[in-house]
Amino acid sequence: GFLHLTTFPAVAFGDKGTSKARSCSDIRQFYSGKRFSLDGVPQSEISGEHLRICPQGYTCCTSEMEDNLAVLSRKEVEGVLKEAGRSLQNSLNGQYKTFDGYFLELLNRSALNLQESFTATWGALYVRNSQVFSELYMDLRHYYRGANVNLEDVLNDFWARLLEKLFYHANRQYSISEDYLECVSKQIDTLRPFGDVPRAMKMMVTRTFVAARSFVQGLVVSGEVVRKVSQVQLSQECMRATMRMTYCPHCRGMASARPCANYCSNVMKGCLANQADLNTEWRHLAETMMQVADRFDDPSGVDSVLLTLPVRISEGIMTMNENLQTINSKLFQTCGNIREGGFSSTAVDDAMKGGRVTVEDKLDLTNLFSSSLPQVTDVTARLRDLQSYWVSLPNLLCSDRVATGTGAEDKCWNGMNRARYLPEVMGDGLASQINNPEVEIDITKPDMTIRQQIMQLKIMTHRLKNALNGQDVDFQDTSDDVSGSGSGMCTEEMCSRGPRLVDLVTETPRRYPLPPENKRVKASANQNLPCTAIYLLSLLMLLLRR
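Since this is a predicted model, take the numbers as computed values, not measurements. (Residues numbered from 1 in each chain as written. Predicted model: local features only at pLDDT ≥ 70, side-chain atom pairs only at ≥ 80, totals over all residues. Heavy atoms only, no water.)

Student: Break down the overall build of the protein for me, with residues and values.
Tutor: Along its length, the protein carries 24 helices and 0 strands. Per-residue burial over the protein gives 49% buried out of 546 residues. Surface summary for the protein: the accessible area is close to 27200 Å², and the carbon and sulfur share equals 52%. (Helix = DSSP H or I, 4+ residues; strand = E, 2+ residues; numbered from the N terminus. Buried < 20%, exposed > 50% of the residue type's maximum accessible area, 1.4 Å probe, protein only. Areas by Shrake-Rupley, 256 points an atom, 1.4 Å probe, with all protein chains shown as cover.)

See the structure below:
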């Protein structure tokens, strides 16, 4: 108190040449403009020993003003970050809608095309059995939407049911029981009544749907990561640093002084050190998603796979028709003879004499291809733009607040006064902030919310990489079931007894379907690595139990 009594008069009435106390009218106007009360705000400069953030020279700011402006500076930076996050979320959401609309449109057109062309070609035979086809499309739609559906089972069931229906119609002069039809469908693997069509179709459909589903999941997960990270509060140390940079010049009567560019960079790199650590995994995810999107662009892309489904199914039916005699006699041999007592055979012959379905009948493919590809290309271009988002945030926040123009470097605000800023600019990320002169950071304590989101990005990238290999690795949460079946990452013999892989989940787990058993894919050496680890882990568990 004594100090204030002795120094204050000197300030107010000091020697007329140099230290006459300056008026605080500018900051009073500025401060009330920020909706703060002017109670206790000095009319002219006071001594600044009470300041805890700003330099302690003569000042127009009280401790309360300093605190209020510090909170405001943090709120403003958080507001800009949230706004940037919202705009990124909107962009990802827009890409999701673009791709999702495009994919479902193709699937719907394929279903409609099948309905129209099959009604025209097979007539009553199709109409009576249309449910088999509509359920196939429904299951494909559910799978794409993320439901717990096994694609391989869906396709196997479809062909088995189709075999039963066609066999029944081809032999309607006989009386056929449910048990007999079950025996018929069980012969599908040995008989191969539809030729190579089911195998070829399974490969194409699995590859396309696994990729499409993981791609839209990638967009959803990215949006969620941005939402959660944008809500992370900035630290107390960051608040002090943004205050010193933004509002301390006002307290010093230098309202027009703008921060030096490198000074602002150091403050923001310190404040956003944890966010910058998302960069590596964020880039990995974007790159992997672009690789998946490239798959959609090639000639065996989404368009051709979805739109030629009716043709493929029709080819399968024609193959069975052409070999009906052989198929029938083999089935009679295996499942036993059947007694007559159904319909007359002429009605049957007519029903089975449908023609071959061609895509061209109902669809102008070239027009559709050219209209849809730009949509995928657009999504890819946006992903490319977003790759460096997390490390470009400091620049974004500094871009419109730093001093620019000739001589700016010497007259900018450096945190103490108007002068050149000498320290070097720090690198990106938490580890690089160890010597940050502006923001005090404990680099051994990363932000846990952001660490969790880095983990989510890793898991999603892993899924997408497997999708590129045609493998579906959306595991169910099976922590209580150690005896699960293969993980899709290795051969059945090796994994069948090992524990199933479980995603590291930081929130309530979403249920994902089990991977289809991929019997035909021979695992390469590197695919066996995770599997070997599982195998050794299960051996270890057995030994520990003894």
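Student: Quick rundown of helix H16 (residues 309-322)? Include the residues and the values.
Tutor: Given a rise of 1.5 Å per residue, 14 residues ought to cover 20 Å, and the 20 Å separating the end C-alpha atoms of H16 matches this to within 8%. Counted residue by residue, H16 has 10 buried out of 14 residues, so it is predominantly covered. Residues of H16 that are buried include every one of Leu 309, Pro 310, Val 311, Ile 313, Ser 314, Gly 316, Ile 317, Met 318, Met 320 and Asn 321, and no others. (Expected span 1.5 Å × (residues − 1).)

Student: Can you tell me about the packing of aromatic side chains, naming the residues and giving the values?
Tutor: Per the stated rule, a full pass over the model turns up 20 aromatic pairs. With 4.7 Å between their ring centres and 25° between their planes, Tyr 31 and Phe 36 make a pair best called stacked. Given a relative accessible area of 2%, Tyr 31 falls into the buried group. With a centroid separation of 5.4 Å and an interplanar angle of 45°, the aromatic rings of Tyr 126 and Phe 133 are classed as tilted. According to the relative accessible area criterion, Tyr 126 is buried, its value standing at 7%. (Phe/Tyr/Trp six-rings, centres within 6.5 Å; stacked < 30°, edge-to-face > 60°.)

Student: Which residues make up the side chain of Asn 414, and what are the values?
Tutor: Looking at the secondary structure, you find Asn 414 in the loop between helix H21 (408-411) and helix H22 (448-468). Asn 414 gets classed as buried once you look at its relative accessible area, which sits at 15%. Side-chain polar atoms of Asn 414 contact the backbone nitrogen of Met 416, separated by 2.9 Å. Reaching out from Asn 414, the side chain makes a polar contact with the backbone nitrogen of Asn 417 at a distance of 3.0 Å. Sequence-distant contacts of Asn 414, defined by excluding residues within four places in its chain, comprise Cys 260, Tyr 263, Ala 419, Arg 420 and Tyr 421. (Polar contact = N/O pair within 3.5 Å; in protein donor to acceptor, adjacent residues only side chain to side chain. Contact = heavy atoms within 4.5 Å.)

Student: Which residues make up the state of the cysteines, and what are the values?
Tutor: Any covalent bond linking the sulfur atoms of two cysteines counts as a disulfide. A full pass over the atoms with the stated rule returns 7 disulfides. Residue Cys 61 pairs covalently with Cys 251 via a disulfide, S to S 2.0 Å. The chirality of the disulfide connecting Cys 61 with Cys 251 is left-handed, given an S-S dihedral of about -85°. With Cys 61 in the loop between helix H2 (25-33) and helix H3 (63-122) and Cys 251 in helix H11 (residues 248-251), this pair connects stretches of sequence that are 190 residues apart. According to the relative accessible area criterion, Cys 61 is buried, its value standing at 0%. On the accessibility criterion, Cys 251 (0% relative accessible area) is buried. Two residues share a disulfide in this structure: Cys 260 and Cys 412, whose sulfurs sit 2.0 Å from each other. Across the S-S bond linking Cys 260 and Cys 412, the dihedral sits near 95°, which makes this disulfide right-handed. Of the two residues, Cys 260 is situated in the loop between H11 and helix H12 (261-271) and Cys 412 in the loop between H21 and H22; the sequence distance between them amounts to 152 residues. Given a relative accessible area of 3%, Cys 412 falls into the buried group. (Disulfide = S-S within 2.5 Å.)

Student: Give me the nonpolar core: which residues, what numbers.
Tutor: In this structure, Phe 99, Phe 209, Phe 215, Phe 296 and Ile 313 are the most contacted members of the largest nonpolar core, which totals 134 residues. Counting residues per element, this core draws most heavily on H3, which supplies 19 residues. Both of domain 1 (24-65) and domain 2 (66-448) provide at least three residues apiece to this core. Setting aside residues up to four positions removed in sequence, Phe 99 forms contacts with Tyr 144, Ala 212, Phe 215, Val 216, Phe 296 and Val 376. (Core = buried A, V, L, I, M, F, W, Y, C linked by side-chain atoms within 4.5 Å. Domains from an automatic or database assignment.)

Student: Could you give an account of unusual backbone geometry, with specific residues and numbers?
Tutor: At Arg 35, a position not held by glycine, the phi torsion is positive, near 70°. Structurally, the position occupied by Arg 35 is in the loop between H2 and H3. Residues other than glycine seldom take positive phi values, yet Arg 192 does so here, at roughly 45°. With respect to the element layout, Arg 192 can be found in the loop between helix H8 (188-191) and helix H9 (197-230). Among the residues examined, Arg 192 registers a relative accessible area of 46% and is labelled partly exposed.

Student: Can you lay out the pattern of salt bridges for me, pointing to particular residues and giving the numbers?
Tutor: Pairs can form between side chains of opposite charge whenever their charged atoms are close. Under the defined criterion, the tally for this structure stands at 19 salt bridges. With a closest N to O distance of 3.2 Å, Arg 109 and Glu 105 form a salt bridge. Here Glu 105 and Arg 109 lie together in helix H3, a separation of 4 residues that amounts to about one turn. A salt bridge links Asp 385 to Arg 382, with the nearest nitrogen and oxygen atoms 3.2 Å apart. Of this pair, Asp 385 and Arg 382 both sit in helix H19 (residues 365-386), 3 residues apart, which is roughly one turn of that helix. Assessed through its relative accessible area of 53%, Asp 385 is described here as exposed. (Salt bridge = Lys/Arg side-chain N within 4 Å of Asp/Glu carboxyl O.)

Student: Before we move on, could you go through the packing of H3 against H16 and cite the residues and values that matter?
Tutor: The angle between the axes and the distance between the axes are what describe a pair of packed helices. Where H3 meets H16, the axes come as close as 9 Å, and the angle between the chain directions of the two elements is 35°. When H3 is examined against H16, the residues Ser 110, Asn 113, Leu 114, Phe 118 and Trp 122 are found in contact with a partner set consisting of Leu 309, Pro 310, Ile 313, Ser 314, Ile 317, Met 318 and Asn 321. (Axes fitted to C-alpha atoms, helices over the stretch in contact; angles between N-to-C directions.)

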